[in-house]
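Spelled out from the first residue to the last, the chains are:
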Amino acid sequence: MWDYTDKVLDHFKNPRNVGTIENADGTGQVGSLICGDALKLTIKVNKETEVIEDIKFQTFGCASAIASSSVLTEMAKGKTLEEASKITNQDIANALGSLPEAKMHCSVMGMEALEAAIKSYRQGGKPVVFEQTQESKIVCECFNITEEVILKAIHTNHLKTVEDITHFTKAGGACGKCKGAIQQILDKVLACELPQKKQEGKKPFSALTIVEKIKAIENILNTEIKPQLNKDGGSIELVDLNGNVVTVRLLGGCASCIASQMTLKNFVGKTLQDKLDKNLEVKQA
Amino acid sequence: MKVIYLDNNATTRTLPEVLQKMAPYFTDFYGNASSIHTFGGSNKHAIETARGQVSKLLNAEPEEVIFTSGGTEGDSSAIFAAVNSSRQKKHIITSAVEHPAVLEACKYLASRGYRLDIIGVDEKGRFNMEQYKSVLDEDTALVTTMWANSETGTIFPVKEIAKLAHAKGALFHTDAVQAAGKIPTDVKDIDADFVSISSHKINGPKGTGALYVKKGTHFMPFMRGGHQENLRRAGTENVPNIVGFGYAAELAKQHLPEYQTQVKTLRDLLEKELLAQIPDTKINGDVENRLPNTLNVSFGYIEGESILMFLDEEGICASSGSACTTGSLEPSHVLRAMGVPFQFAHGSIRFSLSRFTTLEEIKTVIKVLPGIVARLRAISPFKKA
């Protein structure tokens, strides 16, 4: 049994704006019978003001797919195309109170269908099937999910794990073969986010408090170093920080590896120096 | 609201008369059956009575029945015991539509170096005998296939499968959890080496089951650390549950004929009416050879969870093979193995009746379901208006 909010149940049992608008100004579609959920949106747009005057949906899917579509039509109605294009899947989920984690992809589908409907209007009303850009490479072959879609889900919803990504995009939810590739995309994104945050603060490492320093080091260990070591069956933990000397302990496969000293100096040490402070020194506990 | 319970393949109601038999063993006769004192030790008789009742349901000898914690333990125990008794053999065979208790145990063995062949099924869920014959060889330690499928009710030719396995010197185990109490389960007739059944599928309490081990079959216990069950399953016996299970087994045997008459009649009526009233509907499973209580039906263009939720509003309990009901994103492995197209797999509903299902209840389903399907199809983008 799913823990659906009253709002989800209400929109499921009494869906608003069901159907199709005849001679619609825009038609957007997403999903397929194979995937187990699909959504079609039609919109009527005021040509002068670009306000969505009417919007109707048809959905094949579970209760949360129907509720997401229904609430989306309420949210988009009366908005200008520009305002409507800013609706994210998180907005849809919030409007419903919440959605179970494993059902978040239903809200993503709503966002994608709206995007397609707006594109359809801009292109003169010819129906548009939401499609991931041709150039973007397919990561999950079971559900045909591209890197682009995964990246967007990570950024919009601040996803941190492969499991999160499966809940939001379905990628990795069937055979699971692509989970490694999803982890790599995630690693890349998380690695990019950190330096940005550092620049915002503009505080050099040496000026941080001891607690901030430890946090910064742990961040790098978790996002940059551990994922690499994990691939060889190893891991790492922070033991101590004394001045510029970072004491760490290699775990798992790394602990017994004859190349562990090389790993420490060349990989762990260099990564910390590059990301935080070139004076840092790494020692084995 | 009155509940119309049509999910009896998932679990069943513990009958009040069964509970009544169990109750004294919680509060009055709570002694340990292994104790020397008469107060505890005499509970052994209650366990042996139950063993006799369960053995009759299977047409087994009482000493061939080991009480377990349920179907899953029976499956695991049998599979590991079988491969341990013929250690030089490194091949096991199962089918693609098994319960996860069997599939996962087999896959575990495959990860430990066993060769595993998973036999496919046809569009009706029927066992592929030709494929089976082609992979069976002298290296096969165990063949394990279910007696009847939980989702579609399709019955496997277990007697023939067992015969072929024995001809190559392999042991045969069958998961009879769904078959027991619904069709005759004569383990001597099919000549199985191991058979697992569960109490809560036959109106007994949850958390109890039995494993049949044919006399003379080498058996290595799964649970160790006590002399209970003749050294084959350690752990203090769950006396109240075993007593309840025994009585439920006796009742199941007694009422078995009703499944071929009353239950089947109601199931067939439901099937006939749904097919007649709802277009783009199809039955999943082998209609010629299936459990008399099970109906697996797919409604095109709509999704199972939505149907279940509207049925739930009417107090009707059923289940679905749709991906969305499990959160697994993939529809039922049984329907996929049968090659049921995705759109029909997503829209599948399983009704499983019991001997307590009434004509009135079935009429209610027939009355409300066409409306639910129409309502969802009106929302669906795939249904042509």
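Draft legend 1. Molecular detail of the domain arrangement of chain B. All names here are of chain B. Here chain B is partitioned into domain 1 (4-9 + 256-379) and domain 2 (16-251). Placing the centre of domain 1 and that of domain 2 at their C-alpha centroids yields a distance of 28 Å. Counting each side, the surface lost to burial between domain 1 and domain 2 is near 2,200 Å², with a carbon and sulfur contribution of 55%. Contact with domain 2 buries area across many residues of domain 1, yet L256, L291 and M338 alone supply 26% of it, more than any other trio. In this structure, the connection of domain 1 to domain 2 is made through zero salt bridges. At the level of elements, α11 (239-277), β10 (294-299) and α13 (333-337) are the ones that each hand at least two residues to the side of domain 1 that touches domain 2. Take the side of domain 1 that touches domain 2: its biggest share by element is four residues, from α13. The residue makeup of the side of domain 1 that touches domain 2, split by class, is nine nonpolar, ten polar and four charged.

Draft legend 2. Quick look at the sheet that holds strand β3 (residues 52-60) of chain A. All names here are of chain A. Reading across the sheet, the four strands line up as β3-β2-β1-β4 and stay open at both edges, with mixed pairing between neighbours. Every other strand in the sheet has two partners, leaving β3 and β4 (128-129) as the edge strands with one partner each. For strand β1 (residues 26-32) and strand β2 (residues 37-45), the ladder comprises seven bridges, and the chain directions are antiparallel. Within β2, the residue paired with G26 across the bridge is I43. Running over the sheet, helix α2 (residues 63-76) touches β2 and β3 and is turned about 175° from β3.

Draft legend 3. Examining the sheet that holds strand β7 (residues 234-242) of chain A more closely. Residue and element names in this part refer to chain A. Across the sheet, which stays open at both edges, the three strands sit in the order β7-β8-β9 with mixed pairing between neighbours. Unpaired on one side and paired on the other, β7 and β9 (281-284) mark the two borders of the sheet. Adjacent strand axes in the sheet meet at a mean angle of 35° when their direction is disregarded. Bridge count for strand β8 (residues 245-252) against β9 is four bridges, and the pairing is parallel. In the strand pairing of β9, V245 is matched with E281. Along the sheet face, helix α10 (residues 260-275) touches β7, β8 and β9 and points at about 150° away from the line of β9.

Draft legend 4. Examining helix α15 (residues 359-379) of chain B more closely. Along its 21 residues, α15(B) runs 31 Å from first to last C-alpha, staying within 8% of the 30 Å computed at 1.5 Å per residue. Those residues of α15(B) lying buried are B:E361, B:I362, B:V365, B:I366, B:V368, B:L369, B:P370, B:I372, B:V373, B:L376, B:R377 and B:I379.

Draft legend 5. Structural context of the interface of chain B and chain A. At the interface, 25 residues of chain B touch 29 residues of chain A. In this assembly, chain B packs against chain A so that about 2,200 Å² is buried in total across both faces, 70% of it on carbon and sulfur atoms. In this assembly, chain B and chain A are joined by two salt bridges. Here B:E313 makes a salt bridge to A:K13, at a shortest N to O gap of 2.8 Å. Looking at the side of chain B that touches chain A, the elements with two or more residues in it are α12 (304-313), α14 (342-346) and α15 of chain B. The element contributing the most residues to the side of chain B that touches chain A is α12(B), with five residues. Classifying every residue of the side of chain B that touches chain A by side-chain character gives twelve nonpolar, eight polar and five charged.

Draft legend 6. Structural view of the packing of helix α5 (residues 104-122) of chain A against helix α7 (residues 162-169) of chain A. Residues and elements named next belong to chain A. Direction vectors running N to C along α5 and α7 enclose 55°, while the axes themselves pass 5 Å from each other. In terms of orientation, α5 lies oblique with respect to α7. From α5, M104, H105 and V108 reach across to α7, where they touch H167, F168 and T169. Split by residue class, the contact of α5 with α7 holds three nonpolar, three polar and no charged.

Draft legend 7. Region of interest: the pairing of strand β13 (residues 348-352) of chain B. All names here are of chain B. The buried fraction of β13 amounts to five of the five residues, a majority that puts the element mostly inside the structure. Neither face of β13 is open: one carries S348, R350 and S352, the other I349 and F351, and all of them are buried. As defined by bridge partners, β10 adjoins β13 across five bridges and the pair is classed as antiparallel. Paired with N296 across the two strands is R350, which belongs to β13. Judged from the two bridges that link them, strand β12 (residues 319-320) and β13 form a sheet pairing that is antiparallel. Across the sheet, the residue bridging to S320 is I349, located in β13.

Draft legend 8. Region of the structure containing the domain arrangement of chain A. All names here are of chain A. Segmentation of chain A into domains returns domain 1 (6-129), domain 2 (138-194) and domain 3 (203-284). Averaged C-alpha coordinates put domain 1 and domain 2 at centres separated by 23 Å. Taken together, the contact between domain 1 and domain 2 spans 14 residues of the former and nine residues of the latter. Buried area between domain 1 and domain 2, summed over both chains or domains, comes out near 960 Å², and the portion from carbon and sulfur atoms is 53%. E115 serves as the salt-bridge partner of K152, at 2.8 Å between the closest nitrogen and oxygen. Inspection of the region where domain 1 meets domain 2 yields four residue pairs in polar contact (both at pLDDT 80 or more).

Draft legend 9. The packing of α11(B) against α15(B), seen in detail. Residue and element names in this part refer to chain B. One can describe the packing of α11 onto α15 by two numbers: an axis separation of 10 Å at closest approach and a directional angle of 15°. With respect to α15, the axis of α11 lies roughly parallel. The hand of the α11/α15 crossing is right-handed. Facing α11, whose interface residues are L266, L269, L270, E273, L274 and Q277, α15 presents L359, I362, V365, I366, L369 and P370.

Calculation notes
Residues numbered from 1 in each chain as written. Chains lettered and ligands numbered in written order. Predicted model: local features only at pLDDT ≥ 70, side-chain atom pairs only at ≥ 80, totals over all residues. Heavy atoms only, no water. Domains from an automatic or database assignment. Buried area = accessible area lost by both parts, 1.4 Å probe. Salt bridge = Lys/Arg side-chain N within 4 Å of Asp/Glu carboxyl O. Helix = DSSP H or I, 4+ residues; strand = E, 2+ residues; numbered from the N terminus. Nonpolar A, V, L, I, M, F, W, Y, C, P; charged D, E, K, R; others polar. Pairing = 2+ DSSP bridges. Contact = heavy atoms within 4.5 Å. Axes fitted to C-alpha atoms, helices over the stretch in contact; angles between N-to-C directions. Expected span 1.5 Å × (residues − 1). Buried < 20%, exposed > 50% of the residue type's maximum accessible area, 1.4 Å probe, protein only. Parallel < 35°, antiparallel > 145°, perpendicular 65-115°, else oblique. Polar contact = N/O pair within 3.5 Å; in protein donor to acceptor, adjacent residues only side chain to side chain. Left-handed = near helix turned anticlockwise from the far one by under 90°.

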